[in-house]
Amino acid sequence: MRIAIDADQVLFDFLATWHTVAENTLNRELVEKNHSYHLMARYGLSMAEYHRCWAMFNRWDVWKDCPVIPDALEAVNVWLEADHEVFVISAVDVEARKARQRALDN
């Protein structure tokens, strides 16, 4: 069987990693305002702050540092042991994809 799993917030804890980078970039605590998918709305950021955070996230190549969610990794390993094909889906640009691949390889 072929199984597809999303990378961000399903296999990798992208949100906590982005949040930490954003707080370090802006040098302040970010409080979640809502559960919006869009990070600018979620944390009440200005457009400039939002783009600055993304610039640092990409500059520091943080895609490769997003930790694996343990339960998700366990599920993937069970699928692989059962001889299923597992595909990780991620809608990131080419450069981020290279870093994401390094995370998958690890």
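The present account deals with the structure reproduced in this document. (Residues numbered from 1 in each chain as written. Predicted model: local features only at pLDDT ≥ 70, side-chain atom pairs only at ≥ 80, totals over all residues. Heavy atoms only, no water.)

### Section: the pairing of strand β1 (residues 2-6)
Which entries qualify depends on this criterion: Here's how the labels work: a residue is buried when its accessible area is under 20% of the maximum for its type, exposed when over 50%, partly exposed in between, all with a 1.4 Å probe on protein chains only. Only runs of H or I of at least four residues qualify as helices and only runs of E of at least two qualify as strands under DSSP, and these elements are numbered from the N terminus. Criterion used throughout: strands pair if DSSP finds at least two bridges between them.
Going residue by residue along β1, you find I3 and I5 tucked away on one face and R2, A4 and D6 left uncovered on the opposite face. Note that β1 and strand β2 (residues 85-89) share five bridges and pair parallel. In the strand pairing of β2, D6 is matched with I89.

### Remarks on the environment of N58
Inspection of the secondary structure puts N58 in helix α3 (residues 47-59). What makes N58 partly exposed here is its relative accessible area of 37%. Between the C-alpha atoms of N58 and L26, which are 32 residues apart in sequence, the distance is 15 Å.

### So, the packing of helix α1 (residues 14-26) against α3
Definition in use: Here the axes come from fitting lines to C-alpha atoms, over the contacting stretch only for helices, and the angles between their N-to-C directions go from 0 to 180 degrees. By definition in this entry, angles of less than 35 degrees are roughly parallel, angles greater than 145 are roughly antiparallel, angles of 65 to 115 are roughly perpendicular, and the rest are oblique. By the definition used in this description, the sense in which the near helix is turned from the far one sets the handedness, with an anticlockwise turn below a right angle giving left-handed and a clockwise turn giving right-handed. We call two residues contacting when some pair of their heavy atoms lies within 4.5 Å.
Running from N to C, α1 and α3 point in directions that differ by 110 degrees, and their axes come no closer than 9 Å. Relative to α3, α1 is oriented roughly perpendicular. Considering how the two elements wind past one another, α1 and α3 form a crossing that is right-handed. Where α1 approaches α3, its residues F14, T17, W18, V21, A22, T25 and L26 are matched on the opposing element by E49, Y50, R52, C53, W54, M56 and F57.

### Focus: helix α4 (residues 70-81)
What counts here: By definition here, a helix of n residues has an expected span of 1.5 Å times n minus one.
Here α4 is twelve residues long and its end C-alpha atoms lie 16 Å apart, about the 16 Å a rise of 1.5 Å per residue gives. Phi for D83, located one or two positions after α4, is positive at around 65 degrees.

### Things to note about the nonpolar core
Heads up, the rule is: To qualify as a nonpolar core, a set must consist of buried Ala, Val, Leu, Ile, Met, Phe, Trp, Tyr and Cys residues joined through side-chain atoms within 4.5 Å.
Counting 29 residues, the largest nonpolar core has F14, W18, L39, L45, W54, F57 and W63 as its most contacted members. Looking at this core, the elements that each hand over two or more residues are α1, α2 (39-43), α3, α4 and α5 (94-105). The element that contributes the greatest number of residues to this core is α1, accounting for six residues. Leave out the neighbours within four places in its chain, and L39 touches F14, L15, W18, L45, Y50 and W54.

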